[in-house]
Amino acid sequence: MTYDFDQEIERKGTDSHKWQKYADDVVPLWVADMDFISAQPIIEALYQRAAHGVFGYTQAPRELSLVIQERLKRLYGWEVREEDIIFLPGVVSGLNLAFLAYAEPGDEVLVQTPVYSHFIRDPLLHGRAVIDQPLAEKDDTYEIDFDALDKPITDRTKLFVLCNPHNPVGRVFTTKELERLAEICLRHNIIICSDEIHCDLIYPGYRHVPIATLGPEVENQTVTLMAPSKTFNVPGLGCAFAIIKNETLRRMWISASYGLIPHVNTMGFAAARAAYSEGQEWLDQVLVYLKGNRDFLMQHVKEKLPRLRMKKMEATYLAWLDCRNAGISGNPFDYFLREARVALNGGAEYGKGGAGFVRLNFACTRKRLTEALDRMAAALK
Ligand SMILES: Cc1ncc(COP(=O)(O)O)c(C=O)c1O
């Protein structure tokens, strides 16, 4: 079937986090969900499950594990066994489990900033320290400064948390880059927790490589986090999974999660299964629409917001806009909210290197995106 992503769907009044947070006159382009209708097979699977009317404790459907195994093999040549897949209610729960399971209080977690705020804030909540090593900013993109990354590592550095594709800088790390990262981690005996939640939202010309697929040694030292939530726009249904090949790491994970991490809910499993087995048609179409929005945004920024600079985007629907030369006094997030009535994410929340930037979620209709950009351009005049 053909999906119409230009269709405006009213989300106010649905308890949408994105749409309820700000006043009615604000265009919300912040938290990472899409304003688009879900794939029809997902909607049907949820109706069908709801129609049964009994919602007891649910175990992971065998078919879901099988479809994930098949998908990982097809996309990445990655052989994963059923027992390597551990379901979770969310990737953020997975990140926090990694901090608890693989680092003791006082141990260090290595991350690359600017990065999704849970990477830098949550270790501290558990008494773990953070080594936040900035990515190297280049003209229109970011690279990894490997020497700088290696230097601050100590024998208390236990975990490296990779964000690939990277939120918010939009990079898809190459095999070469991943090999160098893995080499550093293996050399220092650091466990890798790789958040790959955005791995299906990749633009033409780029290819996602799960770091665990680089070889058995890396696989043995890696926990990979994935989910259908960003890919198929079902984050409100709470279903994600970790892939842990190493039995010791798996045992540590399970014991850290015991009694704390709830089961995935019935509807989350139903949606995930439908998404992975029947959602490809929707995904293909949404990727075309998102690419159109990315290209439109890039062009629009160049022509109508020339004092902003947009970084090259290899993946995700989250654009990273440099406002440092826009002549804005104070924080650009506050400025655009106040002057344009557009809600973005402020760059400072992503840690070192984020101040002066905003993150813009363009997974909305082209019309809404245009309206927001026009308002931002007017505010800068
Ligand atoms: C890199 C990254 N990890 C995790 C999440 C959230 O995952 P979840 O909603 O499954 O906890 C996001 C959401 O934006 C994200 O960008």
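Preceding this section is the structure that the text describes.
Worth saying up front: this structure is predicted, and the values here are computed from it rather than measured.

Draft legend 1. Summary view of unusual backbone geometry. In this structure, P114 follows T113 across a cis peptide bond, with omega equal to -5°. With respect to the element layout, P114 can be found in the loop between β3 (108-113) and α5 (117-125). The backbone of N189 shows a phi angle near 55°, a positive value even though the residue is not glycine. On the secondary structure map, N189 appears in the loop between α7 (175-187) and β8 (191-195). Under the relative-accessibility criterion, N189 is labelled exposed at 57%. Unusually for a residue other than glycine, R341 sits at a positive phi of about 55°.

Draft legend 2. Geometry of the pattern of salt bridges. Summed over all chains, the structure comprises 33 salt bridges. Close ionic contact of E79 with K73 constitutes a salt bridge, the shortest N to O distance being 3.6 Å. Owing to a relative accessible area of 42%, K73 belongs among the partly exposed residues under this scheme. The salt bridge involving R81 is made with D84; its shortest N-O contact spans 2.7 Å. The buried category is assigned to D84, whose relative accessible area is 0%.

Draft legend 3. Just the sheet that holds strand β10 (residues 240-244), in detail. Read from one edge to the other, the open sheet built from 7 strands follows the order β2-β10-β9-β8-β7-β3-β4, with strand pairing classed as mixed. The outermost strands of the open sheet, each flanked by one partner alone, are β2 (85-88) and β4 (129-134). Going from strand to strand, the sheet's axes swing by 20° on average, the running direction of each strand aside. Two elements, β8 and strand β9 (residues 222-226), share 4 bridges in a ladder whose sense is parallel. Bridging from a neighbouring strand, I192 pairs with T222 of β9. Together, β2, β3, β7 (157-163), β8, β9 and β10 form the strand contacts of helix α4 (residues 91-102), whose direction differs from that of β7 by roughly 165°.

Draft legend 4. Structural context of the site of the ligand. All residues in the neighbourhood of the ligand are listed as A32, G90, V91, V92, Y116, C163, N167, D195, I197, H198 and K230. Backbone polar atom of V92 to an oxygen atom of the ligand: 2.9 Å apart, as the coordinates give it. A distance of 2.5 Å separates a nitrogen atom of the ligand from a polar side-chain atom of D195. For the shell around the ligand, the class distribution of residues is 6 nonpolar, 3 polar and 2 charged.

So, how was this worked out
Residues numbered from 1 in each chain as written. Predicted model: local features only at pLDDT ≥ 70, side-chain atom pairs only at ≥ 80, totals over all residues. Heavy atoms only, no water. Helix = DSSP H or I, 4+ residues; strand = E, 2+ residues; numbered from the N terminus. Buried < 20%, exposed > 50% of the residue type's maximum accessible area, 1.4 Å probe, protein only. Salt bridge = Lys/Arg side-chain N within 4 Å of Asp/Glu carboxyl O. Pairing = 2+ DSSP bridges. Axes fitted to C-alpha atoms, helices over the stretch in contact; angles between N-to-C directions. Contact = heavy atoms within 4.5 Å. Near = heavy atom within 4 Å. Polar contact = N/O pair within 3.5 Å; in protein donor to acceptor, adjacent residues only side chain to side chain. Nonpolar A, V, L, I, M, F, W, Y, C, P; charged D, E, K, R; others polar.

From the geometry alone we can't say anything about function, so treat these as descriptive.
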